[in-house]
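Below are the chains, spelled out letter by letter.
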2 protein chains.
Amino acid sequence: MMYQKKTPTILDCGLHLFMEVMSGKWKISLLWSIYHGIKRPSGIHKTITQASRRVLDAQLNQLVLHGLISRKDYHIKPYKVEYSLTELGHSLIPVIETTARWGEENRLVLEEKIFSCSID
Amino acid sequence: MMYQKKTPTILDCGLHLFMEVMSGKWKISLLWSIYHGIKRPSGIHKTITQASRRVLDAQLNQLVLHGLISRKDYHIKPYKVEYSLTELGHSLIPVIETTARWGEENRLVLEEKIFSCSID
DNA sequence: TTTGATACGGACAAATTTATCCGTTATTGC
DNA sequence: GCAATAACGGATAAATTTGTCCGTATCAAA
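All residue numbers here refer to positions counted from 1 along the written sequence of the relevant chain. A letter from A marks each chain and a number from 1 marks each ligand, given out in the order of writing. Thresholds applied to this predicted model are a pLDDT of at least 70 for local features of residues and 80 or more for the giving and counting of side-chain atom pairs; totals over whole chains, interfaces and linings are not thresholded and use all residues. Remark: hydrogens and water are excluded; side-chain values derive from all non-hydrogen atoms of the structure.

Moving on, we come to the protein's contact with DNA strand C. Think of it this way: one heavy atom of a residue within 4 Å of a molecule or strand is enough to make that residue near it. Around DNA strand C sit 27 residues, and of these Lys6, Thr7 and Trp26 of chain A together with Arg54 and Arg71 of chain B come closest. Of everything in DNA strand C that lies within 4 Å of the protein, sugar and phosphate atoms constitute 68%. Pairing of N or O atoms within 3.5 Å defines a polar contact, subject to two protein rules: one partner must be a possible hydrogen donor and the other a possible acceptor, and residues neighboring in sequence count only if both atoms are side-chain atoms. Within the side chain of Trp26 of chain A, a nitrogen or oxygen atom sits 2.7 Å from a phosphate oxygen of DNA strand C. Asn61 of chain B has a polar side-chain atom sitting 3.4 Å from a phosphate oxygen of DNA strand C. Helix numbers and strand numbers start at the N terminus; a helix is a DSSP run of H or I with at least 4 residues, a strand a run of E with at least 2. Of all the secondary structure elements, the ones that give two or more residues to the surface near DNA strand C are helix H4 (53-65) of chain A together with helix H3 (41-47) and helix H4 (53-65) of chain B. Taken together, the residues that form the surface near DNA strand C break down as 9 nonpolar, 7 polar and 11 charged. For this classification, Asp, Glu, Lys and Arg are treated as charged, while Ala, Val, Leu, Ile, Met, Phe, Trp, Tyr, Cys and Pro are nonpolar and the rest, including Gly, are polar.

The following block contains the structure:
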């Protein structure tokens, strides 16, 4: 069962919409894997070993519900399931690349700041 | 006292860096207000009435610690404090605009999906 | 002198997200 | 049969974020 929000979601501006569907610790990595052709849940898990399979499944479900990826079940035994980006998911790639570029360009400063926050 | 993280922060890719400094329910609105010339805490609060002053202060502090805004205390009575974007904060504006544009372009679909998640 | 504006943050509760533990089903290979 | 792989999700604990309730201080104006 999925968690039921108790406070209203704010979607004033487009950035809030973006944050809403992107928030989730592993979602970026998941989208990235799928974009790079790793489609099966087990394969994805092998590329994101820090997270448990359970958690990845949950976030994959959210991505599906938000319409960024689609899930194809081949209905064969042994099981086979594949995820792929939807059109909406694809439209997100250049946006992700823009933000990722900003992060990389400022990595040194950002890492230092983030680090100093986590000690005092 | 600020919360002490217990699990390691993941900063593999630039997008994670972006998410790290942008995560926080009111940060976008705060940056937006400051960018648009509303600099004093009380004024900012008037533009974001859904949040309590306490919460806004906390997130403003985080933005300062992450180096996105700077805080100038005029050391006069009655109190006067002003926030402004740092160079790093400014460099974020076009990135925010890119993601916001994506959100707006897909608002209809996204709102519908987000909404349907919140009912079943 | 009481009210209101400015500014800030401790202490704690509530909401939300993430992680861990385990149980299910079915197939392949040894 | 027994272990490994593939797939999925309930129940619950732990971590993290957000919100609420207060208390501090200074000054101005009514």
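Right, let's get into helix H5 (residues 87-105) of chain B. Residue and element names in this part refer to chain B. Compared with an ideal rise of 1.5 Å per residue, which puts 19 residues at 27 Å, H5 spans 28 Å between its outermost C-alpha atoms and is within 8% of the ideal. The reported bend at a residue is simply the angle between two axes, fitted to the 7 residues ending at it and to the 7 residues beginning with it. A bend of about 25° at Ile93 is the largest found in H5, and the proline Pro94 appears one to four places after it. Only protein chains enter the calculation, and the probe is 1.4 Å; a residue is then buried if its accessible area is under 20% of its type maximum, exposed if over 50%, and partly exposed in between. Taken together, the buried positions of H5 are occupied by Leu88, Gly89, Leu92, Ile93, Val95, Ile96, Thr99, Ala100, Trp102 and Gly103. Expected helix span is taken as 1.5 Å per residue step, with the number of steps being one fewer than the number of residues.

All right, on to the relation of the copies chain B and chain A then. When the copies are superposed, the least-squares fit takes in the C-alpha atoms of residues with a pLDDT of at least 70 in both. Superposition of chain B onto chain A requires a rotation of 180° combined with a translation of 0.0 Å along the rotation axis, giving an RMSD of 0.0 Å. The transformation relating the two chain copies, once decomposed into turn and shift, fits a two-fold axis. By the convention used here, residues are in contact when the closest approach between their heavy atoms is within 4.5 Å. In this assembly the copies share their binding face: 98% of the residues contributing to the interface of chain B also contribute to that of chain A.

Below, the discussion takes up the interface of chain B and chain A. Across the contact, 46 residues belong to chain B and 45 residues belong to chain A. Buried area is calculated as the accessible area (1.4 Å probe) missing from two parts once they are joined, with the contributions of both summed. Summed over both sides, the interface of chain B with chain A buries roughly 4,200 Å², with 72% coming from carbon and sulfur. Considering only the side of chain B, the residues that lose the most area to chain A are Leu15, Trp102 and Ile114 of chain B, jointly responsible for 16% of the buried surface there. In what follows, salt bridge is the name for a side-chain nitrogen of Lys or Arg lying within 4 Å of a carboxyl oxygen of Asp or Glu. Counting every contact that joins chain B to chain A gives 0 salt bridges. When residues of the side of chain B that touches chain A are traced back to their parent elements, those giving at least two are helix H1 (14-22), helix H2 (27-35), H5 and helix H6 (107-117) of chain B. For the side of chain B that touches chain A, the element with the most residues is H5 of chain B, which contributes 11 residues. Its residues placed into classes, the side of chain B that touches chain A shows 23 nonpolar, 15 polar and 8 charged.

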